[in-house]
Amino acid sequence: MDKSKKAVIIGAGVGGLATAVFLARQGYDIEIYEKNAGPGGRCGQMVQDGHRFDLGATILLMPSLYRKVFSALGLDMDKDLQTTSLEPVYKLFFSNGSDFRFSRDTESMKSQLETIEPGSFEQYNRYIKEGYGFFNLAINGLLGKNFYHLFRFINLKSIWLLIKLKTWIKHTTYIKRFFKDPHLQMAFTFQNIYVGQNPYKQPAFFSMLPAAEIMEGALFPRGGMHGVVEKLLSKASELGVRIKYKKPVKRIIINGKKAEGILLENGKTIKADLVIANADLPYIYNELLPDKNRAKGLINREYSCSAIVFHWGMDKVYPQLEHHSIFLNDPYKEGMEKIFDEKSLSENPSFYIHAPVRTDKSAAPENEDTLSIIVPAPQLDKNYDQDWQKLKQTARKGVIERLKEAGLEDIEDHIKFEVCYLPKTWESSCNVTNGSVFGSLSHTIFQMGYFRPHNRHDKYKNLYFTGGSTHPGNGVPLVLLGAKLTSERIILNK
């Protein structure tokens with residue numbers, strides 16, 4: 001493809017910005033059109049009264065992928081992001097009053113594990129070794145390459161890969177091979193929620209998530225995860241990428257088998273030789289493209305769950321909380337069923353708290369705290385009677401009561417202000433289908449690899465996609481990797 005041609009990108013999320021940098025480095029003329037007043041999408045940031053909140057991802061996982069993609073972008077992750085390795089990665093709190101520090105420190109893990117379940121440290125090492133093996137197999141054979149046609153995915157090599165990844169066994173069944181204690185089983189499977197999944201229904205190879213945390217570490221950039229967005233934005237600007245904010249797109253202009261540009265909601269037409277859509281893929285097909293049959297097909301796919309998020313500005317610091325504190329509450333399995341099967345919420349929901357002041361004092365005024373409480377919740381579903389104000393009250397009450405049980409008796413008295421994000425917030429602010437903030441389309445085995453929506457349109461050959469709902473999947477590291485894969489297809493015209 002002629003590098004002098006113009007490309008327009010819909011959306012200034014992580015995928016859109018990274019794709020812009022990749023293409024600008026190859027000489028493409030790039031313009032990004034973003035509906036909101038600033039960049040980042042679900043990786044946005046809010047600052048209020050000196051308190052800084054990450055609105056999406058709160059932890060930098062799989063740093064090897066960041067380093068790989070950043071290097072290809074002409075960046076150095078370790079120098080450009082100024083990260084701190086979290087220790088512990090997080091602290092888990094259980095309903096019986098016990099806790100567990102999920103740590104990369106070998107002696108700390110050995111002491112805790114052997115106290116809870118004698119002999120479990122050896123099993124832990126085996127679980128992490130196998131899980132990290134899944135991670136490398138998945139990245140090299142499933143997630144880290146483009147599938148240009150079906151038979152590049154459906155072949156003996158890929159079938160053997162799916163067998164080695166133990167895709168036929170559920171994560172919560174697999175974990176029983178290693179730990180008998182139910183709290184340890186929970187501690188090493190709850191990570192499925194990072195990508196909006198029920199650990200009781202998804203395959204064993206997602207053990208790669210806790211394994212990668214132990215093997216590679218979990219990092220936090222100074223200034224928060226929005227620092228990833230800011231670094232991509234800076235690089236894009238340096239390369240001449242032009243970003244137009246508060247410019248929502250009404251539709252993609254199609255003529256025959258080609259995308260000719262975009263039509264903005266203000267009526268302005270932007271002509272282009274290449275269109276890359278970084279918006280949520282089901283939204284693109286349903287709202288921006290004429291193919292309604294494809295849109296219906298996507299709507300019927302399996303979606304990740306959502307979240308109710310409370311952002312609290314606090315006038316008191318609670319030392320009981322780590323940078324990340326995970327509250328796994330009983331009955332745990334029933335709580336997952338409430339979310340994923342009943343599209344509702346338990347009276348005693350599990351949740352996690354992000355308290356960045358533990359690592360970055362600039363996240364709050366001196367002697368104050370910034371807390372984000374993330375309560376996994378169902379996605380929006382018109383087939384169910386969902387009273388979101390009632391669900392919000394249920395979540396808030398459950399969180400407050402559980403924190404009081406953990407020794408934060410006066411927590412409610414020290415909340416200076418509260419900002420709450422519901423699934424409808426994500427649907428309206430970021431066009432996320434069903435408000436599925438963890439990444440819209442779920443990571444089931446039949447929604448990965450070639451079976452995940454492709455990053456190039458089958459009919460309009462100059463229309464490409466990037467972001468969490470296309471290949472390889474959701475989560476910031478995979479979105480970055482996806483931007484690299486999409487850019488490779490564009491450059492190779494494949």
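See the structure above.
The structure presented is a predicted model; accordingly, all values stated were derived computationally and were not measured.

Visitor: Which parts of the structure should I look at to understand the sheet that holds strand E10 (residues 249–255)?
Guide: Sheet strands associate in pairs through backbone hydrogen bonding, adopting either a parallel or an antiparallel arrangement. One open sheet holds the 3 strands; their spatial order is E10-E11-E12, and the pairing between them is antiparallel. Both edges of this open sheet fall to E10 and strand E12 (269–271), since each of them pairs with a single strand only. Strand-to-strand twist of the sheet, defined as the mean angle between neighbouring strand axes without regard to direction, takes the value 30°. Sheet topology note: the E10/strand E11 (residues 258–264) ladder contains 6 bridges and is antiparallel. Looking at the pairing, isoleucine 254 lines up with alanine 259 of E11.

Visitor: Help me understand the environment of leucine 86, please; the structure alone is not making it clear to me.
Guide: In this structure, leucine 86 sits in the loop between strand E5 (83–85) and strand E6 (90–94). Here the alpha-carbon distance between leucine 86 and leucine 232, two residues 146 residues apart in the chain, equals 23 Å. Once residues lying within four places of it in the same chain are set aside, the contact partners of leucine 86 are Ile59, Ala218, Leu219, Phe220, His323, His324 and Thr359.

Visitor: Help me understand the pattern of salt bridges, please; the structure alone is not making it clear to me.
Guide: As a working rule, side chains carrying opposite charge can pair if their charged atoms are close by. As enumerated under the stated definition, the model contains 20 salt bridges in all. For arginine 222, the salt bridge identified is with aspartate 360, shortest N-O distance 3.3 Å. Of the two residues, arginine 222 is situated in the loop between strand E8 (219–221) and helix H10 (226–238) and aspartate 360 in the loop between strand E16 (351–354) and strand E17 (369–377); the sequence distance between them amounts to 138 residues. Of the charged contacts, one joins glutamate 238 and lysine 235 as a salt bridge, the two residues approaching to 3.3 Å between their closest N and O atoms. Taken together, the residues span about one helical turn, with glutamate 238 and lysine 235 both in helix H10 at a distance of 3 residues. A relative accessible area of 11% means that lysine 235 is categorised as buried.

Visitor: Explain the packing of aromatic side chains to me, please; I cannot follow it from the model alone.
Guide: Given two aromatic rings, one states the distance between the centres and the angle between the planes to describe the pair. As enumerated under the stated definition, the model contains 25 aromatic pairs in all. Ring plane angle 20° and centroid distance 5.0 Å describe the contact between phenylalanine 179 and phenylalanine 188, whose orientation is recorded as stacked. A single burial state applies to phenylalanine 179 and to phenylalanine 188, both of which are buried. Ring geometry for phenylalanine 310 and tryptophan 312: centres 6.4 Å apart, planes at 40°, overall tilted.

Visitor: Explain the packing of helix H5 (residues 120–143) against helix H9 (residues 208–216) to me, please; I cannot follow it from the model alone.
Guide: Packed helices, taken two at a time, are described by their axes: the angle between them and the distance between them. Where H5 meets H9, the closest approach of the two axes is 8 Å, and the angle between their N-to-C directions is 105°. It follows that H5 is roughly perpendicular to H9 by the angle criterion. Of H9, the residues touching H5 (which contributes Tyr124, Tyr127, Ile128, Gly131, Tyr132, Phe134, Phe135, Ala138 and Leu143) are Met208, Pro210, Ala211, Ala212, Ile214, Met215 and Glu216. Its residues assigned to classes, the contact of H5 with H9 comprises 14 nonpolar, 1 polar and 1 charged.

Visitor: Teacher, can you tell me more about the pairing of strand E14 (residues 306–314) here?
Guide: Side-chain direction in a regular strand flips from residue to residue, so the side chains alternate between the two faces of the sheet. Summarising burial for E14: 9 of the 9 residues are buried, a large majority. Taking every second residue as pointing to the same face, both faces of E14 are buried, with Ser306, Ile308, Phe310, Trp312 and Met314 on one and Ala307, Val309, His311 and Gly313 on the other. Where E14 meets E17, 9 bridges bridge the pair, whose relative direction is antiparallel. Looking at E17, one finds that methionine 314 is bridged to aspartate 369. Inspection of the sheet shows E14 paired to strand E18 (residues 415–421) by 6 bridges, in the antiparallel sense. Looking at E18, one finds that histidine 311 is bridged to valine 419.

Visitor: How should the packing of helix H4 (residues 106–116) against H5 be read in this particular structure?
Guide: Between H4 and H5, the shortest axis-to-axis distance is 8 Å and the interhelical angle comes to 125°. Between H4 and H5, the interaxial angle falls into the category oblique. Between H4 and H5, the residues in contact are Thr106, Met109, Lys110, Leu113 and Glu114 and Ser120, Phe121, Glu122 and Tyr124, respectively. Here the contact of H4 with H5 is built from residues that sort into 4 nonpolar, 2 polar and 3 charged.

Visitor: Looking at this model, I keep getting lost on the state of the cysteines. Mind explaining?
Guide: Linking two cysteines covalently through their sulfur atoms gives a disulfide. Following the criterion strictly, the structure yields 0 disulfides and no others. Distance from the sulfur of cysteine 43, which forms no disulfide, to the nearest cysteine sulfur (cysteine 430) is 10 Å.

Visitor: Please explain the nonpolar core as it appears in this structure.
Guide: Among the nonpolar cores identified, the biggest contains 103 residues, and Leu92, Phe188, Ile308 and Trp312 are the most heavily contacted of them. With 11 residues, H5 is the single largest residue contributor to this core. Ignoring sequence-local partners within four residues, the contact set of tryptophan 312 consists of Phe53, Asp369, Thr370, Leu371, Ile373, Val399, Ile400, Leu403, Ile411, Ile415, Phe417 and Glu418. Grouped together as the second largest cluster of nonpolar side chains are 39 residues, Ala12, Val21, Phe22 and Tyr28 included.

Rules used throughout
- Residues numbered from 1 in each chain as written.
- Predicted model: local features only at pLDDT ≥ 70, side-chain atom pairs only at ≥ 80, totals over all residues.
- Heavy atoms only, no water.
- Pairing = 2+ DSSP bridges.
- Helix = DSSP H or I, 4+ residues; strand = E, 2+ residues; numbered from the N terminus.
- Axes fitted to C-alpha atoms, helices over the stretch in contact; angles between N-to-C directions.
- Contact = heavy atoms within 4.5 Å.
- Salt bridge = Lys/Arg side-chain N within 4 Å of Asp/Glu carboxyl O.
- Buried < 20%, exposed > 50% of the residue type's maximum accessible area, 1.4 Å probe, protein only.
- Phe/Tyr/Trp six-rings, centres within 6.5 Å; stacked < 30°, edge-to-face > 60°.
- Parallel < 35°, antiparallel > 145°, perpendicular 65-115°, else oblique.
- Nonpolar A, V, L, I, M, F, W, Y, C, P; charged D, E, K, R; others polar.
- Disulfide = S-S within 2.5 Å.
- Core = buried A, V, L, I, M, F, W, Y, C linked by side-chain atoms within 4.5 Å.

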